[in-house]
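Per-entry structural report
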Amino acid sequence: MSRLGRLQAESRAASRAFLRRRTAVFFTFFFPLIIVVIFGVLVQTRPGGGGLFTREPAYYLPGYLAVVVLFTPLSRVGSEVARHRDGNRFEKLATTPLTRPEWLLAQTLVNTVIIGLAGLVLLGLMVVLTGAEIVVSPLLVPFVVLGVVLFCGVGAMLGSLASSQDGVISASNGIALPLLFLSETFVPPELLPAWFPTWLSPLTYFSRGVRSVSTGSGDLVVPLVVLSVCAVVSFGVGAALLPRTD
Amino acid sequence: MSEVLVAEDVRRSYGDTVALDGVSLSATAGEVLALVGPNGAGKTTLVRALTGTTDADGRVELFGEAPTAVDRDRIGLLPQSFTPHERLTARELVAYYAGLYDETRDVDAVLADVGLSDTADTHYENLSGGQQRRTCVATALINDPDLLVLDEPTTGIDPAGRQSLWELLEGLAEQGVTILVTTHYMEEAQRLADRVGLLAEGRLVALDAPETLVADHGGASQLHIDGEFDEAAVDAIDYPAEMTVRNGRLVIYGVRPESIGSVADELDAVGLRYDSLTWKQPALEDVYLELTGTGVGRAGEPKATVTATAGGSR
Amino acid sequence: MTTVEIEYCVPCGFRERALDVAQAVLNGLETHLDRVTLVMGDHGVFRVTVDGEPVYEKSEDDYDVDGIVRQVRARVYTDR
């Protein structure tokens, strides 16, 4: 069995547990729909060209994708870690061959699949509801995957550091919301003060990368490299912070 | 008899609270060793030190190696107040933990051993307290461990569930599985264990077979008189024996069976009402009381007892 | 962990009998028993149980201390 078997066992259990929590499933897929409807359909662009969404619809794809790639891992992995701590499951796992990085990798795999699907739903909605012309290319996949790995790592950190499950949820929202609007997703940099360091947020590289893929223009390499480094660091720190007892 | 588990002068503190204050013990293959003590006595910390899930000073060896170096397949752990995924079925849970090991026993065989064959496809959250605990024991048995560690396995479940779990553990002991179990139910330790370690404030105050402990420290037999008693009542009784009041119950030490009648007469003479008279052999609870001065209450909270001596000495 | 319980009717003056049975049981089986309890009752009750299982019922069996002790011993040994 060894590592692959362990990963398989952990992923299967994690996905089953997720799929049987109907509310979690519903909101994971319903959430992107609400966002697209609100930002893509309800919020109109003023004829004079002012207002929030002045850029062409395709510009906001990273924003919509970021919603799923950012919020879902943070809250899901964060609350999963908190649940494991409440049930003393890490103490149990510490006496099995499964290592903490393997545990986090399995959670990340499950979240990558879930978010991949939610992302596809999102793409479809965007094209249908907002008429965005998007260059759909496989190059989107590495960015989504790296984003998910990155924020699963952050979610693991939150779950390990916060004292309780609702501590995790509020922490993840507290981080995700500001990050979402300050990483060149819905708010183009020119609308922010010049000095504002959007480059500090890892999500910015996700936005830039996705945008260059979906619009066919712009640099791909730097965002990909930076996002990869951030993802690896975040995964490492997240796994290391996972407790051995409670 | 090979030493499965050796601990020498194990110490662990959390900040300035000392959880373990130099505990030494060992367990041989096939033995059932129980660690007993109220909440906060250091049971869970000791279990974590022994399984290597927490660092501790002092020497700890499992099968001759450091706990963290031991092959994971050899240990089966049921942590304290352990709650697995509630939305998985009993079979799915046991299969999940089986998947974490290279070689394991057959899932359905283990489910049968713990008596869950016909509820194997019920979600964990819909099982009874006893069934849930037996599922958890099954997850600790799936890798056929040489050492089974159970941290308060019967806490918080109904008496019937506890009874069924004891029978399960007795069966495992008979098959030669080495078991380390912590509990705050004295009766459980006395029934299950070959040897019992009494823990108080991070120290092991005694470690021996239950019968020996009771014989050495249990003290005399006791007559428990159920009713509403207090200090004044104890003084009023003119009977040459040590008496004490424990949560409203009068306890008289060293009463021979033939003198129960005379005690009853004395109580009538003084006009004390009571509901029942129980003659009791000393048990582990009394040993713990003797050695630590505190009882291990129902909920496992340490309880000081009111002691007054009336009349002659014991 | 064997428990013997003797429930007797107080107003009927069965206390002496209950004490005799308790003493006989203890003298014979002290080392095998965990506890013997005398419980005050009424309405003519006189019942002896071992771990909750009745071994003597005044309404069904006639009163014989040695007989009761034999019943208790039989029950205790089947448990061992």
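Shown above is the structure to which this text applies.
A brief look at the structure comes next. (Residues numbered from 1 in each chain as written. Chains lettered and ligands numbered in written order. Predicted model: local features only at pLDDT ≥ 70, side-chain atom pairs only at ≥ 80, totals over all residues. Heavy atoms only, no water.)

1. What about the packing of aromatic side chains?
Scanning the entire structure with this criterion turns up 14 aromatic pairs over all chains. Aromatic pair A:Phe31 and A:Phe71: ring centres 5.6 Å apart, planes at 75°, arrangement edge-to-face. One end of the pair, A:Phe31, is in helix α2 (residues 22-42); the other, A:Phe71, is in helix α3 (residues 61-86), with 40 residues separating them in the sequence. Both rings, one in B:Tyr96 and one in B:Tyr97, keep their centres 4.5 Å apart while their planes meet at 50°; by these two values the pair is tilted. (Phe/Tyr/Trp six-rings, centres within 6.5 Å; stacked < 30°, edge-to-face > 60°. Helix = DSSP H or I, 4+ residues; strand = E, 2+ residues; numbered from the N terminus.)

2. As for the interface of chain A and chain B
Taken together, the 28 residues of chain A in the interface contact 31 residues of chain B. Here chain A and chain B share an interface that buries about 2,700 Å² over both sides, 51% of which is from carbon and sulfur atoms. For the chain A face of the interface with chain B, the top three residues by lost area are A:Arg20, A:Lys92 and A:Thr95, together amounting to 26%. Between chain A and chain B we count five salt bridges in total. Of the charged contacts in the structure, one is a salt bridge between B:Glu92 and A:Arg16, with a shortest N-O distance of 3.4 Å. The tally of links between chain A and chain B comes to 16 residue pairs in polar contact (both at pLDDT 80 or more). If you list the elements that add at least two residues to the side of chain A that touches chain B, you get α1 (2-19), α3 and α4 (89-94) of chain A. Of the residues forming the side of chain A that touches chain B, the biggest block, eight residues, is contributed by α1(A). A breakdown of the residues in the side of chain A that touches chain B according to their chemical character gives eight nonpolar, eight polar and twelve charged. (Contact = heavy atoms within 4.5 Å. Buried area = accessible area lost by both parts, 1.4 Å probe. Salt bridge = Lys/Arg side-chain N within 4 Å of Asp/Glu carboxyl O. Polar contact = N/O pair within 3.5 Å; in protein donor to acceptor, adjacent residues only side chain to side chain. Nonpolar A, V, L, I, M, F, W, Y, C, P; charged D, E, K, R; others polar.)

3. Here's the deal with the pattern of salt bridges
Within this structure, the stated rule accounts for 32 salt bridges over all chains. Between A:Glu102 and A:Arg3 there is a salt bridge, with its nearest N and O atoms 2.7 Å apart. Here A:Arg3 lies in helix α1 and A:Glu102 lies in helix α5 (residues 100-130), a separation of 99 residues in the sequence. Judged by its relative accessible area of 49%, A:Arg3 falls in the partly exposed class. The closest approach of N and O atoms between B:Glu8 and B:Arg59, which form a salt bridge, is 2.6 Å. Taken together, the residues B:Glu8 in strand β1 (residues 3-14) and B:Arg59 in strand β4 (residues 57-62) connect sequence positions 51 residues apart. (Buried < 20%, exposed > 50% of the residue type's maximum accessible area, 1.4 Å probe, protein only.)

4. Some details on the sheet that holds β1(B)
All names here are of chain B. The three strands lie next to each other as β2-β1-β4, forming an open sheet whose pairing is antiparallel. Of all the strands in the sheet, just β2 (17-28) and β4 have a single pairing partner and so form its edges. Averaged over all adjacent pairs, the angle separating strand axes in this sheet is 15°, with direction ignored. As paired elements, β1 and β4 share five bridges and run antiparallel to each other. For Arg-11, the partnering residue across the bridge sits in β4 and is Asp-57. Contacting β1, β2 and β4, helix α1 (residues 43-51) runs over the sheet at an angle of about 55° to β2. (Pairing = 2+ DSSP bridges. Axes fitted to C-alpha atoms, helices over the stretch in contact; angles between N-to-C directions.)

5. Overview of a nonpolar patch on the surface
Residues and elements named next belong to chain A. Together, Leu-161, Val-221, Val-225, Val-229, Val-233, Val-237 and Leu-241 give the surface a local cluster of nonpolar side chains, amounting to about 600 Å² of exposed area. Among the elements that line the nonpolar patch, the one with the most residues is helix α9 (residues 221-241), at six residues. Assignment of secondary structure puts Leu-241 in helix α9. (Patch = residues over 30% accessible without salt bridge, like charges linked within 9 Å, V, L, I, M, F, W, Y side chains within 5 Å. Areas by Shrake-Rupley, 256 points an atom, 1.4 Å probe, with all protein chains shown as cover.)

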